[in-house]
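# Survey of secondary and tertiary structure
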Amino acid sequence: MSNIKLNIEGEIISFLFILSTFILSIPFYKINPEYSRKVIHIMLGFFYFIALLYFTEWYFASFGPFIFI
């Protein structure tokens, strides 16, 4: 698989992961907004593993977190 294709696949998986993390945190927000924040921060820490598996260039890996911020 070419590097560009692998990087684009990583971007798609990253955005799906971030979106699913936000959706997963909604029930925690109803309990306590602080719990929701903690769930989001803990789950997004796993982005590191996606970056290791899919990204070959630093600018592809930084695009998702840059959009998130």
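Structure's up top.
Residues numbered from 1 in each chain as written. Predicted model: local features only at pLDDT ≥ 70, side-chain atom pairs only at ≥ 80, totals over all residues. Heavy atoms only, no water.

A word on the overall build of the protein chain. Of regular secondary structure, the protein chain possesses four helices and zero strands. Traced from its N-terminal end to its C-terminal end, the protein chain shows the element sequence α-α-α-α. Considered along the principal axes of its C-alpha atoms, the protein chain spans approximately 45 × 20 × 15 Å. Of all 69 residues assigned to the protein chain, the portion counted as buried reaches 28%. By sequence separation, contacts in the protein chain at least 24 residues apart represent 67% of the contacts at least 6 residues apart. Carbon and sulfur atoms make up 75% of the accessible area of the protein chain, which amounts to about 5,200 Å² in all. (Helix = DSSP H or I, 4+ residues; strand = E, 2+ residues; numbered from the N terminus. Buried < 20%, exposed > 50% of the residue type's maximum accessible area, 1.4 Å probe, protein only. Contact = heavy atoms within 4.5 Å. Areas by Shrake-Rupley, 256 points an atom, 1.4 Å probe, with all protein chains shown as cover.)

Another aspect to go through is the nonpolar core. Among the nonpolar cores identified, the biggest contains ten residues, and these are Phe17, Ile18, Ile40, Leu44, Phe47, Ile50, Ala51, Phe55, Phe60 and Ala61. The biggest single contributor to this core is helix 3 (residues 47-54), with three residues. (Core = buried A, V, L, I, M, F, W, Y, C linked by side-chain atoms within 4.5 Å.)

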